[in-house]
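# Structural features, examined
Each chain, written out:
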Amino acid sequence: MPTIDDPTRVFEQERARLIRLAYRMLGSLGEAEDVVQDAWLRWRQVDHAEVASAGAFLSRTVTRLCLDVMKSARVRRETYLGTWLPEPVALVPDETSGDDLTLTLMLALERLSPLERAAFLLHDVFAVPLADIAVTLRREPQAVRQLAARARKHVQSARPRFPVEREEGARIAKAFFEAVSTGEVAALRIMLANSVVVHSDGGGKVLAFPRPIVGIDKVTRMFEGFARKLWIQHARKLQDLWIDGLPGYLSLEPGGMLQTVALDIQGGLIVGIYFTRNPDKLQRMAVSFAGSPGAPIPH
């Protein structure tokens, strides 16, 4: 029987938190799981009697591994075809992720340097003490404080002052799907902010917009085009979801293609629409729904 000090049990108790940390650093759940597995291999090899805090040691290991991965990840992002969005991590409506990082904030983090991103996540999101972050990043505490403060300033605009209530978010997401799937563009227009932006990630593998579409008039014309072609009206919603902290849903598009839609809602209006269509980023959902449509998304 494992004891309270059993290294395997200790690691398993930390695994979910470590995966959340790595995913927030990398924007890819697959890469996050690979990093955590690598951390497990390193954890097995250390002298556990010399480890003062398992949580601190594992956070440090995962963060450093993520910083290494981010070097190659940034190169891949530069050659990515079209808009890049994080791999969607979805929860059914009555679940919570344990932190308040939304998809929009994750995209804002992409503009930070790797060290700024690490300092912000560890300090502001995962509440790691400043001294521990300094050891992790091999920087002086004052330098880490400056990294976190600089990051906080850069992403401030991506953090809404009044996050959407879950009931309101679910209501607007439902109304959005109904308006889009029935071609009711006039009803859709009422939900959109003047500055609404549409982002679409196909990864160069499926049809998607290569650049964001900005402004209510352009976005409305886009949906009017869909309505004329009757293409989008054949979509079938599989499940209401919260996708990286934003209300949305998973749908099955014509041809059997999965798609997630996440809505950034501020002041009761939709300011951002995020379509994730890249099949590589939806493999987990495809597996989940292959045998039992409507099943909760694993996370």
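Conventions and cut-offs
- Residues numbered from 1 in each chain as written.
- Predicted model: local features only at pLDDT ≥ 70, side-chain atom pairs only at ≥ 80, totals over all residues.
- Heavy atoms only, no water.
- Pairing = 2+ DSSP bridges.
- Helix = DSSP H or I, 4+ residues; strand = E, 2+ residues; numbered from the N terminus.
- Expected span 1.5 Å × (residues − 1).
- Buried < 20%, exposed > 50% of the residue type's maximum accessible area, 1.4 Å probe, protein only.
- Arc of directions from axis to C-beta.
- Salt bridge = Lys/Arg side-chain N within 4 Å of Asp/Glu carboxyl O.
- 1 Å grid on protein atoms, 1.4 Å probe; cavity = no way out; pocket = protein on both sides within 12 Å on 5 of 7 lines; lining within 4 Å.
- Points joined across faces, edges and corners; volume = space filled by probe spheres on them.
- Nonpolar A, V, L, I, M, F, W, Y, C, P; charged D, E, K, R; others polar.
- Axes fitted to C-alpha atoms, helices over the stretch in contact; angles between N-to-C directions.
- Parallel < 35°, antiparallel > 145°, perpendicular 65-115°, else oblique.
- Contact = heavy atoms within 4.5 Å.
- pLDDT = per-residue confidence, 0-100.
- Polar contact = N/O pair within 3.5 Å; in protein donor to acceptor, adjacent residues only side chain to side chain.

With that settled, consider the pairing of strand β4 (residues 236-243). Pairing of strand β1 (residues 90-91) with β4, which is carried by 2 bridges, proceeds in the antiparallel orientation. In the strand pairing of β4, Leu-91 is matched with Trp-242. Pairing between β4 and strand β5 (residues 246-253): 7 bridges, direction antiparallel. Opposite Leu-241, over in β5, you have Gly-248 as the bridge partner. In textbook terms, the turn of a hairpin is the stretch between consecutive antiparallel strands, and for β4 and β5 this stretch comprises 2 residues, one of which, Asp-244, has a positive phi near 50°.

Compared with the 21 Å implied by 1.5 Å per residue over 15 residues, the 21 Å span of helix α7 (residues 141-155) between its first and last C-alpha is a close match. Where α7 is concerned, the buried positions are Val-144, Leu-147, Ala-148, Ala-151 and Val-155. Taken around the axis of α7, the buried residues stretch over an arc of 90°, which confines them to a single face.

Despite not being glycine, Arg-138 has its phi angle at roughly 55°, a positive value. Residue position: Arg-138 is located in the loop between α6 (130-137) and α7. Of note in the backbone geometry, Asp-244 takes a positive phi value of approximately 50° without being a glycine.

Taken as a whole and judged by the stated rule, the model has 14 salt bridges. Among the salt bridges present, the one from Glu-14 reaches Arg-17, with a minimum N-O distance of 2.5 Å. With a gap of 3 residues between them, Glu-14 and Arg-17 both fall in helix α1 (residues 7-26), about one helical turn apart. Judged by its relative accessible area of 19%, Glu-14 falls in the buried class. Arg-17 gets classed as partly exposed once you look at its relative accessible area, which sits at 22%. Asp-68 serves as the salt-bridge partner of Lys-71, at 4.0 Å between the closest nitrogen and oxygen.

Okay, the layout of surface pockets next. Here the second largest pocket defines a volume of roughly 450 Å³. Every residue lining the second largest pocket is counted, 19 residues in all, and those nearest its centre are Thr-104, Leu-107, Arg-111, His-199 and Tyr-274. Those elements that place two or more of their residues in the lining of the second largest pocket are α4 (103-109), β2 (192-201), β6 (257-266) and β7 (269-276). Looking at the lining of the second largest pocket, its residues break down into 8 nonpolar, 7 polar and 4 charged.

What follows covers the packing of helix α5 (residues 114-125) against α7. At a minimum axis distance of 8 Å, the contact between α5 and α7 shows a crossing angle of 90°. Considering the angle they form, α5 stands roughly perpendicular to α7. Packed against α5, whose contacting residues are Leu-115, Glu-116, Ala-119, Phe-120, His-123 and Asp-124, the element α7 presents Val-144, Leu-147, Ala-148, Arg-150, Ala-151, Arg-152, His-154 and Val-155 at the interface. A per-class count over the contact of α5 with α7 returns 8 nonpolar, 2 polar and 4 charged.

A sheet is described by the order of its strands in space; here 7 strands give the open sequence β1-β4-β5-β6-β7-β2-β3, paired in mixed fashion. Two strands close off the open sheet at either side, each with one partner strand: β1 and β3 (213-214). Against the sheet, helix α8 (residues 166-182) touches β4, β5, β6 and β7, its axis set at about 30° to β5.

A few words on the confidence of the model for the protein. On average, residues of the protein score 88 in pLDDT, and 90% of them are at 70 or above. The low-confidence segment residues 291-299, where pLDDT is below 50, has 21 contacts with residues more than four positions distant or belonging to other chains.

With that settled, consider the side chain of Glu-87. Mapping Glu-87 onto the fold places it in the loop between α3 (54-78) and β1. The class of Glu-87 is buried, set by a relative accessible area of 9%. Engagement of the side chain of Glu-87 in a polar contact is seen with the backbone nitrogen of Leu-29, the distance being 2.8 Å. Engagement of the side chain of Glu-87 in a polar contact is seen with the side chain of Arg-284, the distance being 3.1 Å. Setting aside anything within four residues of it in sequence, one finds Glu-87 in contact with Tyr-23, Gly-27, Ser-28, Leu-29, Gly-30, Asp-244, Lys-281 and Arg-284.

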